[in-house]
Amino acid sequence: MKSVLITIVFGLVHSHRFHTGASNDVIGNYTNFVNVNLNMDFSGVLRRVNERYLSVAIDASLVAEEKLMYILGSPKLRTLAKALTPAFLRFGGTRQDFMVFHPEKTIQSHGYHPHYSVSGTEDACKKLELPSLLEERLKKEWAQQEVLLLREDLQRKYKRVKFTEYSVDLLYSFANCSGMDLIFGLNALLRTPGSAWNSSNARLLMQYCESKQYKMSWELGNEPNSFEKKAGFRVDGYQLGQDFVHLREILRESKFYHNTGLYGPDISQPRDHRRDLLEGFLQSGSEAIDACTWHHYYVNGRDTSLEDFLDPEVLDTLALKTNEVLETVGLVSPGKKVWLGETSSAYGGGALGLSDTFVAGFMWLDKLGLGAKLGLDVVIRQVFIGSGSYHLVDDNLDPLPDYWLSIVYKRLVGPEVLGIKASSFGQRKRVRVYLHCTNKKSTDYRNGAVTLIAMNLSNKPARLSPPAHVSTSTVEAFVLQSDQPSKEGLYSRSVRLNGEVLQMVDDKTLPELKGTVLPPGEHLQLPGFSLAFYVFTEARALACG
């Protein structure tokens, strides 16, 4: 009996529309593809990541001009944030180590005075919404502020930033009303004459937060390996660990924050002094932290290229660095969770015209897939909103391609990592695959469903052949591609899901994420330059029961 072939045909090969078909005539037009055989292992769960595995950050640069924090009251921004839950929301970055809390008995007027509530109820959150006219004004002012922030970054000259109760209230209400778990980054550059961390300002901040019953976790310092470059001060790993022990003691003194999370040291990816610093930190401070955090970027945003974003060898560097960190942590503090506490495509604020376009999705999706496979527990994306070009939401508060990719991932991918191997002749590394149990909390798929994550770094389509034991399963396909054909489409800031451009219905409504149901068959066609999720709805994987 003739085999039925399932095809997903997208426009880089034929026309710029999404098709499915079961005709050999259709297949006949696509002879120039790469064959990839898939071996899926359902016998057990390889790893289980945190349910907030994909998390996001708000860059601390937003507080450099305190009135700009009011933009967090935007209903549109909160709608976008809610779709990413469950997630941690990290508030930190370079400028966190220049932030000083200055509480005021009488808050200075910025022209808008919401009544804050920590209840998180719909009515309470609605009262906190930013008026549309003020939102438009703040967006313009933020664009101007970004120019000043970029100049500071280039010169590595950072000013001390004072922030008041209003910033804390705005940040917490945003996290609370969006359903995210806030992690607040404390200034580690405040030092005593003996070079130990000066905790007095942190205590002041915590006292205020405790008085408001603000539930949050904490970090201390951002990339301590670079303190010398940005502040002329060097801290060794042992002292840094002692600083975290001191912070943990402060938290334990608090009835409210007694058992709260503490994460660190947020070191850059391992290299010489950085690895020594991490080892010293863990030796003196590992017992104080709930997870060890480090940062990773693939390339320098100022001298990278489109080819770097599609280069399998560049993507593979994540495994090398991750294994170095996991090895170090495993030797000094076995069993300690490891997080990517800050990460994106390119350091230096991202690569303009690349980090904010469709092509960035290949780095982002591969990092999510590979990170989970290697054993990272949480990955925090730099940034949800903030300065630079690696944001998920642009300066007009419109979602960029990596945002849409993130919410599709959130909906379809569960925390259980399964085994998968791909074999082919030719461009094997250009087709990258990962396998998880399907997310049972955000979908109605039956127990045992699995989600295949696949990406094609080439313009040549690939034909994926799943193993026989899932060939009888119906497949629901979610294929993301640029809204423009050919390689030029990689620079686009718009994305199509199964042929339809993704965009918000209105400021409070996201579009429905519709998959395309395919009947059982032998093959899946993965278009060139595409990112895809295939849900095998009847896989009956025992590990996903």
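Given the structure is predicted, the values throughout are model-derived calculations rather than measurements. (Residues numbered from 1 in each chain as written. Predicted model: local features only at pLDDT ≥ 70, side-chain atom pairs only at ≥ 80, totals over all residues. Heavy atoms only, no water.)

Mind showing me how you'd approach the state of the cysteines here?
Here is the idea: a disulfide is a covalent bond, and it sits between the sulfur atoms of two cysteines. In total, this model carries two disulfides according to the counting rule given. Here Cys-125 engages in a disulfide with Cys-177; their sulfurs sit 2.1 Å apart. Its S-S torsion of about -90° marks the bond between Cys-125 and Cys-177 as left-handed, since a negative value means left-handed. With a gap of 52 residues between them, Cys-125 in helix H3 (residues 122-127) and Cys-177 in helix H5 (residues 165-178) connect regions that are remote in the sequence. Neither residue differs from the other here; Cys-125 and Cys-177 are each classed as buried. Put simply, Cys-437 and Cys-544 are joined by a disulfide, and their sulfur atoms are 1.9 Å apart. Linking Cys-437 and Cys-544, the disulfide has an S-S dihedral of approximately -80° and is accordingly described as left-handed. Here Cys-544 lies in the segment after strand E24 (530-536) and Cys-437 lies in strand E16 (residues 431-438), a separation of 107 residues in the sequence. Residues Cys-437 and Cys-544 agree in their burial class; the two are buried. Cysteine pairing in the protein follows 1-2, 3-4, where each cysteine in a disulfide is numbered by its order in the sequence. Not engaged in a disulfide, the cysteine Cys-209 finds its nearest cysteine sulfur in Cys-177; these two sulfurs lie 16 Å apart. Under the relative-accessibility criterion, Cys-209 is labelled buried at 1%. (Disulfide = S-S within 2.5 Å. Helix = DSSP H or I, 4+ residues; strand = E, 2+ residues; numbered from the N terminus. Buried < 20%, exposed > 50% of the residue type's maximum accessible area, 1.4 Å probe, protein only.)

Sorry, what's going on with the pairing of strand E11 (residues 262-267) here?
Side-chain direction in a regular strand flips from residue to residue, so the side chains alternate between the two faces of the sheet. With six of six residues buried, E11 is to be regarded as a mostly interior element. In the sheet, E11 pairs with strand E12 (residues 291-300) via four bridges, with the strands oriented parallel. Opposite Tyr-263, over in E12, you have Ala-291 as the bridge partner. Chirality of the crossover, the property in question, places the unit of E11, helix H9 (residues 273-285) and E12 among those that are right-handed. (Pairing = 2+ DSSP bridges. Right-handed = clockwise from strand over helix to strand, strands pointing away.)

What is the right way to look at unusual backbone geometry in this model?
Most peptide bonds take the trans configuration, and most residues that are not glycine carry a negative phi. Cis peptide bonds are those with omega within 30 degrees of zero, and the linkage from Thr-85 to Pro-86 qualifies with 0°. Within the element layout of this structure, Pro-86 appears in the loop between helix H2 (75-82) and strand E6 (88-92). Backbone torsion omega between Gln-382 and Val-383 reads -5°, so that peptide bond is classified as cis. Even without being glycine, Ser-195 reaches a positive phi, approximately 75°. You can see Ser-195 is positioned in the loop between strand E9 (181-186) and helix H6 (200-211). By relative accessible area, Ser-195 is classed as partly exposed at 31%. Of note, the phi angle at Ser-486 is positive, near 70°, even though the residue is not glycine. Residue classification places Ser-486 among the partly exposed residues on the basis of a relative accessible area of 42%.

Just to check I follow, could you spell out H9 for this structure?
Given 3.6 residues to a turn, an α-helix orients residues that are three or four positions apart in the same direction. Look at H9: 18 Å from first C-alpha to last across 13 residues, which is about the 18 Å you get at 1.5 Å a residue. For H9, every residue scored as buried is listed here: Arg-274, Leu-277, Leu-278, Gly-280, Phe-281, Leu-282, Ser-284 and Gly-285. Tucked into the core, H9 has its buried residues touching helix H8 (237-253), E11, E12 and helix H11 (312-332). (Expected span 1.5 Å × (residues − 1). Contact = heavy atoms within 4.5 Å.)

Where do I start with the packing of H5 against H6 in this structure?
Between two packed helices, the angle of one axis relative to the other and the distance separating the axes together describe the packing. Where H5 contacts H6, the two axes come as close as 11 Å, and the packing angle between them is 55°. When the axes of H5 and H6 are compared, the pair comes out oblique. For the pair H5 and H6, the sense of crossing is right-handed. In contact with Glu-165, Val-168 and Asp-169 of H5, H6 contributes Leu-205, Tyr-208 and Cys-209. Of the residues contributing to the contact of H5 with H6, the split by class is four nonpolar, no polar and two charged. (Axes fitted to C-alpha atoms, helices over the stretch in contact; angles between N-to-C directions. Parallel < 35°, antiparallel > 145°, perpendicular 65-115°, else oblique. Left-handed = near helix turned anticlockwise from the far one by under 90°. Nonpolar A, V, L, I, M, F, W, Y, C, P; charged D, E, K, R; others polar.)

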